[in-house]
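Each chain, written out:
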Amino acid sequence: MKLLLVGATGLVGSHALRLALDDSRITQVTSPVRRALPLAHHKLRAPIVDYEALPTDADWWQVDAVICALGTTMKVAGSEAAFHRVDHDYPLAVARLAHHHGTPTYVLNSATGADANSRFFYNKVKGELERDLAEVGFSSLAYARAGLIGGARTESRPMERVAISVLGALGPVLPRRLRVCPPQNIARVMIESAIQARPGVHIIPSTAMTQ
Ligand SMILES: NC(=O)c1ccc[n+]([C@@H]2O[C@H](COP(=O)([O-])OP(=O)(O)OC[C@H]3O[C@@H](n4cnc5c(N)ncnc54)[C@H](OP(=O)(O)O)[C@@H]3O)[C@@H](O)[C@H]2O)c1
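Calculation notes
Residues numbered from 1 in each chain as written. Predicted model: local features only at pLDDT ≥ 70, side-chain atom pairs only at ≥ 80, totals over all residues. Heavy atoms only, no water. Pairing = 2+ DSSP bridges. Helix = DSSP H or I, 4+ residues; strand = E, 2+ residues; numbered from the N terminus. Contact = heavy atoms within 4.5 Å. Axes fitted to C-alpha atoms, helices over the stretch in contact; angles between N-to-C directions. Parallel < 35°, antiparallel > 145°, perpendicular 65-115°, else oblique. Left-handed = near helix turned anticlockwise from the far one by under 90°. Nonpolar A, V, L, I, M, F, W, Y, C, P; charged D, E, K, R; others polar. Core = buried A, V, L, I, M, F, W, Y, C linked by side-chain atoms within 4.5 Å. Buried < 20%, exposed > 50% of the residue type's maximum accessible area, 1.4 Å probe, protein only.

A.B. asks: Explanation requested: the sheet that holds strand 1 (residues 2–6) in the structure shown.
C.D. replies: Adjacent strands of a sheet pair through backbone hydrogen bonds, lying either parallel or antiparallel. What the 7 strands build is an open sheet, ordered 3-2-1-4-5-6-7; its pairing is parallel. Single-partner strands in this sheet number two, and they are strand 3 (44–45) and strand 7 (200–204). Where strand 2 (residues 28–30) meets strand 3, 2 bridges bridge the pair, whose relative direction is parallel. Among the inter-strand pairings, Val29 is bridged to a residue of strand 3, identified as Leu44. The strands touched by helix 6 (residues 183–196) are strand 1, strand 4 (65–68), strand 5 (105–111), strand 6 (140–146) and strand 7; relative to strand 5, the strand with the most contacts, the crossing angle is about 155 degrees.

A.B. asks: Just checking my understanding: could you explain the packing of helix 1 (residues 11–22) against helix 6 for this structure?
C.D. replies: Helix packing for two helices is described by the angle between their axes and how far apart those axes are. The N-to-C vectors of helix 1 and helix 6 enclose an angle of 55 degrees; their axes lie 8 Å apart at closest approach. Between helix 1 and helix 6, the angle falls in the class oblique. You can see that helix 1 and helix 6 cross each other, and the crossing is right-handed. Listed contacts from helix 6 to Leu11, Val12, His15, Ala16, Leu19 and Ala20 of helix 1 are Pro183, Gln184, Ile186, Ala187, Arg188, Met190 and Ile191. Its residues assigned to classes, the contact of helix 1 with helix 6 comprises 10 nonpolar, 2 polar and 1 charged.

A.B. asks: I keep staring at the nonpolar core and nothing clicks. Help me out?
C.D. replies: One broad trend across soluble globular proteins is that nonpolar side chains are buried collectively. Membership of the largest hydrophobic core comes to 31 residues, with the highest contact counts inside it found for Leu17, Val29, Ile67, Ile186, Met190 and Met209. Within the residue set of this core, elements represented by two or more residues are strand 1, helix 1, strand 4, strand 6 and helix 6. The contact partners of Ile67, leaving out residues within four places of it in the chain, are Leu3, Leu4, Leu5, Val6, Val107, Met190, Ile191 and Ala194. Residues Trp61, Tyr90, Ala98 and Tyr143 belong to the second largest nonpolar core, which totals 27 residues.

This is the structure we're talking about:
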C-alpha cells in the first residue's frame, strides 16, 4: 500500500516513518515536510512543502491512507489562532486534498478529551478537527486519542516532562487510561489502522497505546 505521512519529523511521526519503511506491506511512503528529512530510503519521498500553500495537483495526494501526526504547541505557535491554524487547518487541508485525489483512509493522532464543545482550548481544537474530518467523506477514518506522549524530545517542554515523570513513576498503579503513551505505540496503532482501513469512523482510546 501507499502511505502519506504528515508530521514525519515529529516524535510520533518519526516512529511512524521508521515503522512504515520497515513494513513490507507498505510499498511507498510520501512525507511532505518543511525541512529535509535526515534519512534516505528507496521507499521514501519527502517533498519540501509550505503548509500555507500546499500543492493542490501533486500526484502524491493519491495514496491508500494518510497518517497525520502533525501539530504544534501553544508555546511555539504563540497564539490560539496560530495554534488552531497548525493543529486544525493544516490536517484538514491535507485531508481534503487527499480525499479529492481519491484517498479513502485517514488516521489522525488525536488526543484524549478531544471535544468540539470542551472548555479547554486544546481539547476543543482536537474535537473540532475530528468533527470536520468526519465531513470530508473518507470511507475509513480513525482517531488515535493518545494521552500524554512519553519519549525523548530535543525541544524543551518542562511541564510536560514533569507530568511524564510523575505519571511514569505512578504508571503501574494508575488506571490504564491515565498512563503515558510511548510514541512507538501510537505509531504502531496508527499504521495498523491505516492498513486495516476498517469502514466507518473509529476512536482508538489511549488504553490501546499506553505502556
Ligand atoms: N504531547 C502530548 O502529550 C500529546 C498528547 C496527545 C496528542 N498529541 C498530539 O499528537 C500529535 C503528534 O505529537 P508529537 O508530540 O509527535 O508532535 P511533535 O513532535 O511536536 O511533531 C509535530 C510535527 O508537526 C510538524 N509541524 C509543526 N508545526 C508545523 C508547521 N507550522 N508547518 C508544518 N509542519 C509543522 C513538525 O514539523 P517540524 O519538525 O518541521 O517542526 C513535526 O513533524 C500532535 O498533533 C499533538 O498535538 C500530543
